[in-house]
Amino acid sequence: MRAVLRTAAAAATALALLLTGCGGGGGRADGRITIRFQSLAWQKESVDANKQLVKEWNASHPDVRVQYVQGSWDSVHDQLLTSFEGDEAPDVIHDASDDLADFAYGGYLADLRTLLPDRLTADIPQQSWRTSTFDGGVYGVPFLQEPRVLIANTRILRASGVRIPTPARPWSWTEFRRITKELTGKGRYGVAWPLREPVSATLNLGLSAGGELFHRGADGKVTLAMDEGDLVVPRTIRDQVGTDHSAARTALGMGGGDTLPGLFGGKYAMVPLGFSFRQQVAEQAPKGFEWTVLPAPAGSAGLAQGVSPQTLSVAQDSPHKKEAVEFIDFLLRPANTVRLAKGDWMLPTGRAALADPSLHTADRGWATGAALAGALRSAPAQSVRGYPEWKDKVATPAFQEYYSGAIDAAELRKRLVQDGNRVLARYQR
């Protein structure tokens, strides 16, 4: 998910919940049903699109009113856990698929298999549905997704004479390393890797090189094993930083947005970022700055990437599950999904919405992103219980130390696998 902090939205969440009351959706004496929809939209375009769609629903469904509640990505997990335990959860819940596992296994979310309309089930590809499927049940509707791409300074690329990659002819990881060396010069790095939170970026891009790391056995239990495919991306980044000096060491502790001033100023030729960062580039770039969107490097598995789509779920305790799903179906009609995608600068999961011509224009890299959609897969740790603890206590510090040069690949493997398996074992007894 996005790494951008949204503390103002977090405060808005608390205020909204206080003002609206936290109880589940209910009925009124006049027979009208009210369901609460907690949205995590935060950009103005996205908030406006969500609120307008709620308004349109309410205008055409007088007997089922939807109440919009503003949430925040910063605090959503803890806020939802508190609301579930206090029987105060919203009916319709906006979240990300990598945050659903504990709620699904904990019985807090409704299994949607018997509630979803055939249109919605057929329109969203199976690889997307897998991101919200846990133990055979479907606990969220994946609707928006974003690949990681390279946002590059066009003038630097053009002046260098390097081959410009396309989704049909991407750079390999080896070629990418070589080209970042060629792009490096006095006062300029070929690439900046913003890896303040290194785990999801490393694992998701690692799918392109055949990396999996998490392996589920016939008994359903998950164990960690690290092979050569898992090391392609980490080794590339470490070599760029420590051997080639083509990647800025200072960027390792940055979030994605922190690298943009350096990109605009010519300090970095390229920055790997989530697709939605294009909005910040478009809005913040100085006048005359030329930029382009390139596909991430490809490996033995091509352009495959792991993603954790945004999802819409229904609380298990909601008394109006049928109406909640009907609202989700309305929200995700193809034309409406396109509006949501444009508001969030992301890609729809649904085939019909993704086919919209406006998402296939060269302007601002939309066509590049759309071309990558078919290669997006469920993030490696999507359904692994214990993943948050492994990520925070084991993987994050291990990757940070590896990228900085403090530990070698053997120690990285030991920590991720041996220490990690001890963490996962506690959740699978």
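Because the structure is predicted, anything quoted here is derived from the model rather than measured. (Residues numbered from 1 in each chain as written. Predicted model: local features only at pLDDT ≥ 70, side-chain atom pairs only at ≥ 80, totals over all residues. Heavy atoms only, no water.)

(A) Seen up close, the pattern of salt bridges. Tallied over the full model, the rule gives 19 salt bridges. Among the salt bridges present, the one from glutamate 182 reaches arginine 178, with a minimum N-O distance of 2.5 Å. With a gap of 4 residues between them, glutamate 182 and arginine 178 both fall in helix H8 (residues 173-183), about one helical turn apart. Its relative accessible area of 43% is what places arginine 178 among the partly exposed residues. Within this structure, Arg163, Glu175, Arg178 and Glu182 form a network of salt bridges that share partners. (Salt bridge = Lys/Arg side-chain N within 4 Å of Asp/Glu carboxyl O. Helix = DSSP H or I, 4+ residues; strand = E, 2+ residues; numbered from the N terminus. Buried < 20%, exposed > 50% of the residue type's maximum accessible area, 1.4 Å probe, protein only.)

(B) Seen up close, the pairing of strand E4 (residues 92-96). Burial of E4 is extensive: 5 of the 5 residues sit out of reach of the surface. Here E4 shows two buried faces, one formed by Val92, His94 and Ala96 and the other by Ile93 and Asp95. Here 2 bridges tie strand E2 (residues 33-39) to E4, and the two strands are oriented parallel to one another. Looking at the pairing, phenylalanine 37 lines up with valine 92 of E4. Bridge analysis of E4 against strand E14 (residues 310-314) gives 5 bridges, and the strand direction is antiparallel. Residue isoleucine 93 lies in a different strand from E14, and its bridge partner there is serine 313. (Pairing = 2+ DSSP bridges.)

(C) Region of interest: the packing of aromatic side chains. Taken as a whole and assessed by the stated rule, the structure comprises 20 aromatic pairs. Between phenylalanine 214 and tryptophan 390 the ring centres are 5.1 Å apart and the planes differ by 80°, which places this aromatic pair in the edge-to-face class. Placement of phenylalanine 214 in strand E9 (residues 214-216) and of tryptophan 390 in helix H17 (residues 387-404) is noted, with a sequence separation of 176 residues between them. Phenylalanine 214 gets classed as buried once you look at its relative accessible area, which sits at 7%. With a centroid separation of 5.9 Å and an interplanar angle of 20°, the aromatic rings of phenylalanine 399 and tyrosine 403 are classed as stacked. (Phe/Tyr/Trp six-rings, centres within 6.5 Å; stacked < 30°, edge-to-face > 60°.)

(D) Molecular detail of the side chain of glutamate 389. Looking at where glutamate 389 falls in the secondary structure, it is placed in helix H17. We classify glutamate 389 as buried; its relative accessible area is 15%. The contacts of glutamate 389, once residues within four sequence positions are left out, are Val394, Val423, Arg426 and Tyr427. (Contact = heavy atoms within 4.5 Å.)

(E) Local environment of the packing of helix H2 (residues 44-60) against helix H13 (residues 321-331). Relative to each other, H2 and H13 sit at 120°, their axes nearing to 11 Å. Classified by the angle their axes make, H2 and H13 are oblique. In this structure, H2 meets H13 at a crossing whose hand is right-handed. Residues Leu53, Val54, Glu56 and Trp57 of H2 form the contact with H13, whose own contacting residues are Glu326, Phe327, Phe330 and Leu331. (Axes fitted to C-alpha atoms, helices over the stretch in contact; angles between N-to-C directions. Parallel < 35°, antiparallel > 145°, perpendicular 65-115°, else oblique. Left-handed = near helix turned anticlockwise from the far one by under 90°.)

(F) Looking closely at the packing of helix H10 (residues 228-243) against H17. Contact pair H10 / H17: the axes reach a minimum separation of 8 Å and the direction vectors enclose 40°. As summarised for this structure, H10 and H17 are arranged oblique, according to the angle between their axes. On H17, the residues touching Pro234, Arg235, Ile237, Arg238 and Val241 of H10 are Phe399, Tyr402 and Tyr403.

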